[in-house]
Each structure stands twice: as C-alpha cells, then as structure tokens.
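Observations on the model geometry
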Amino acid sequence: MEMLQKNRCFEGEQRIYQCQSEALNGMSKFGVFLPPVALNGEKCGVLFYLAGLTCTEETFAIKAHAQRLAAQLDLIIITPDTSPRGEDVAKGDSWDLGLGAGFYINATQTPWAAHYQMERYLIDELYPLIKTQFPVIQGQMGIFGHSMGGHGALTLALKYPEKFKSVSAFAPICAPSQCPWGEKAFSHYLGDDRSLWNQHDATALIEQKGALFSEILIDQGLDDQFYSQLNPELFQKACSNVGQKLSLRQHAGYDHGYYFIQSFIDDHLQFHAVQLERI
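1. Quick notes on the overall build of the protein chain
A count of helices and strands for the protein chain gives eleven helices and nine strands. For 279 residues, the compact-globule formula gives about 19 Å, and the C-alpha radius of gyration of the protein chain, at 17 Å, lands near that figure. For the protein chain, the C-alpha atoms occupy an extent of roughly 50 × 45 × 35 Å along the three principal directions. Counting over 279 residues, the protein chain shows a buried share of 59%. At a minimum sequence separation of 6, the contacts of the protein chain that also span at least 24 residues come to 72%. When the accessible area of the protein chain is evaluated, it comes to approximately 10,900 Å², of which 47% is carbon and sulfur surface. Seen as two clouds, the 21 positive and the 31 negative side-chain charges of the protein chain have centres 5 Å apart.

In structure tokens:
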C-alpha cells in the first residue's frame, strides 16, 4: 500500500492510496478520509462508498462534501475505484461498459474475467486491508453508494451481512437484470445465464435472503434523467414482501448528479452513524 496524496480537510486528512491487487491483476487506487480522531489513533466506524459509472476513487471525495460531518461523527470513508485500470485491461466500446463500469461483480466471460473481479477485490482484499491498516472498530463497518455504486452497495450488503452493519444508497440501479444498463453489463461480464445475473441483482437478492438489516435508506430524485433504469419501486415491493424495512425517500426537482448527493449526504452519514452505534 502506497500513499500517493494527502490533504488536510476539516482537521482530518483526505488521502489517496494505491495497492497491488491480485483480484484485479494490477494496481488499484482508493481514497481514504480519516477524521481528526483517527489521526490520533482513536478507532472509528468505517463507511465504504461505491461510486457510479465513469467515476474514480476521487469523485466522491471532491464532489459529495461529506468530510465535514464525517469528521464530526468520527467516520472513516473509503472510496475505491469503479473498475480495474491499466493498458492491458479490456476497455469496452462505450462509457457504460469496461473502464469506469465494473458493476462491482466478478466477471466470468472473456476478455473481462482477467481483470474485472471487483467483488473479490472489495471483499477479499480491500476490506481486510482497511481493517488491518487503519484504526477501525471491528463490527462497525457500513456501505453506501450511488447509481451503479448504489447497486453495488445493496448487493454486497445483502451478500455479506456479516461484514456490513448498515447500508444506504443514492439513486441505485435496483434491478439491473431488468434495465438496459444491467442487461448490457451482465450479458458481457456474466454471459447469457440469467440465474447468474440474479446473484448480483438487489431486488432478486432481497427476495432470496429476506430481511437482513434493521433499516435500508434510499434517496431518489424524481427528476432523475435515468429514472427508467433504476426501478426503485421493484426493490420497494421486494422489501415489503419479505418484511425488510425500507425508507425510500423521493425528492421532486432533483436529478441524478452530485448536487443531489450533496443535498442529502448528511442524512446518510447520520443514518450510518446511528446504525453503527456512533451516535
């Protein structure tokens, strides 16, 4: 693990690291915000934030304006990249496939399988690295994300509830098996067997696994230009069917971008702080 950059921020530090990843077959970057108490060695709760299509490990740190409240709530925020990177990594032919569009799954199809192992990277490599290299309170780790990253946050939380105590999302792709973005990505990364797709579909997973969290929080803008891709109602219905408490908050006038995220980021940090027993 090599630190590439650090900047003072609300008396804490915003850092960028890189590390060699066996899962991704190359180097990968990730961001870390350390609140002031973490710089003094005090253990903190941790939030993993998964960004959306075309984003990098820096997008959330620059655009979401989360550090001020995270510093007050003693929360470490981890921001991984959205895909593998490198000259030998399959690129794809559009912005919603390939680089910046890893979908947080393990690809099984050629040429993607050689590098696109984002789920394995996050769960088997980055998660334990954060636990051992930073002052983390064991058992107090949550996950949230936006759009493609909201899909990733929901699916990984549902698949690994022993690792994540809290989960929330901004405008997540709730049923990727039933929208063009997901169908395109899954058919390339996973092939044509739709039973495999359901292992990476939040709506299908909640129906399979039942209620796992005391509450899930989702914020959705009603002027979201990608609303037809997101299907929050399908996830809401699935949660209702299995008794999973869901707070789906829909906001008139808000679109899909980071001004929307800025508007409600404090609510998400406070939600996780409560779930992680930080306040």
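Still to come is the rest of the account.
2. Topic: the nonpolar core
Ranked by internal contacts, the top residues of the largest apolar core, which has 94 residues, are Phe48, Phe103, Ile130, Tyr189, Phe235 and Leu269. The residues touching Ile130, leaving out its near neighbours within four places in the chain, are Phe30, Val46, Phe48, Ile78, Val136 and Met141.

3. Examining the packing of aromatic side chains
Two aromatic rings, taken as a pair, are described by how far apart their centres are and by the angle between their planes. By the definition in use, this model includes 19 aromatic pairs. With 5.8 Å between their ring centres and 80° between their planes, Phe60 and Phe144 make a pair best called edge-to-face. Taken together, the positions of Phe60 in helix 2 (residues 59-63) and Phe144 in strand 6 (residues 136-146) put the pair 84 residues apart, joining distant regions of the chain. Judged by its relative accessible area of 3%, Phe60 is buried. On the accessibility criterion, Phe144 (0% relative accessible area) is buried.

4. A look at the sheet that holds strand 9 (residues 246-251)
Spatial ordering of the open sheet is given by 1-2-3-5-4-6-7-8-9, a layout of nine strands whose pairing is mixed. Of all the strands in the sheet, the pair left with one neighbour each is strand 1 (2-9) and strand 9. Averaged over all pairs of adjacent strands, the angle between strand axes in this sheet comes to 20°, irrespective of strand direction. Across the sheet, helix 11 (residues 258-275) is in contact with strand 4 (44-50), strand 5 (75-80), strand 6, strand 7 (166-170), strand 8 (216-221) and strand 9; its angle to strand 7 comes to roughly 170°.

5. A short note on the packing of helix 8 (residues 202-209) against helix 10 (residues 232-242)
The contact between helix 8 and helix 10 brings their axes to 9 Å, and the two run at 5°. The angle between helix 8 and helix 10 falls in the class roughly parallel. Where helix 8 abuts helix 10, its residues Ala202, Thr203, Ile206 and Glu207 lie against Leu234, Phe235, Ala238, Cys239 and Val242. Across the contact of helix 8 with helix 10, the residue classes break down as seven nonpolar, one polar and one charged.

6. Focus on unusual backbone geometry
With omega at 0°, the peptide bond leading from Thr110 into Pro111 counts as cis. Although it is not a glycine, Thr54 sits at a positive phi angle of roughly 75°. Examined against the element boundaries, Thr54 turns out to sit in the loop between strand 4 and helix 2. We note that Phe103 has phi near 60°; this positive angle belongs to a residue other than glycine. Within the secondary structure, Phe103 sits in the loop between strand 5 and helix 4 (118-133). For Phe103, a relative accessible area of 0% puts it in the buried group.

7. Points about the pattern of salt bridges
Counting across every chain of the model gives eleven salt bridges. Between Glu183 and Arg194 there is a salt bridge, with the nearest N and O atoms lying 3.7 Å from each other. Pair noted here: Glu183 is in helix 6 (residues 180-190) and Arg194 is in helix 7 (residues 194-197), with a separation of eleven residues, a long-range link. Judged by relative accessible area, Glu183 falls into the partly exposed class, the value being 30%. Residues Glu215 and Lys245 are paired through a salt bridge, measuring 3.9 Å at the closest nitrogen-oxygen approach. Of this pair, Glu215 sits in the loop between helix 8 and strand 8 while Lys245 sits in the loop between helix 10 and strand 9; the two residues are 30 residues apart in sequence, bridging distant segments of the chain. The network of salt bridges with shared partners includes Asp219, Arg249 and Asp267.

8. Digging into helix 6
Trp181, Gly182, Ala185, Phe186, Tyr189 and Leu190 are the residues of helix 6 that are buried. All buried residues of helix 6 fall inside an arc of 105° around its axis, so they share one side. Packed against the buried residues of helix 6 are helix 5 (148-159), helix 7 and helix 9 (227-230). One or two residues past the end of helix 6 sits Gly191, with phi positive at roughly 90°.

Definitions and limits used
Residues numbered from 1 in each chain as written. Predicted model: local features only at pLDDT ≥ 70, side-chain atom pairs only at ≥ 80, totals over all residues. Heavy atoms only, no water. Helix = DSSP H or I, 4+ residues; strand = E, 2+ residues; numbered from the N terminus. Rg over C-alpha atoms; globule rule 2.2 N^0.38 Å. Buried < 20%, exposed > 50% of the residue type's maximum accessible area, 1.4 Å probe, protein only. Contact = heavy atoms within 4.5 Å. Areas by Shrake-Rupley, 256 points an atom, 1.4 Å probe, with all protein chains shown as cover. Lys, Arg positive; Asp, Glu negative; His and termini not counted. Charge placed at Lys NZ, Arg CZ, Asp CG, Glu CD. Core = buried A, V, L, I, M, F, W, Y, C linked by side-chain atoms within 4.5 Å. Phe/Tyr/Trp six-rings, centres within 6.5 Å; stacked < 30°, edge-to-face > 60°. Pairing = 2+ DSSP bridges. Axes fitted to C-alpha atoms, helices over the stretch in contact; angles between N-to-C directions. Parallel < 35°, antiparallel > 145°, perpendicular 65-115°, else oblique. Nonpolar A, V, L, I, M, F, W, Y, C, P; charged D, E, K, R; others polar. Salt bridge = Lys/Arg side-chain N within 4 Å of Asp/Glu carboxyl O. Arc of directions from axis to C-beta.

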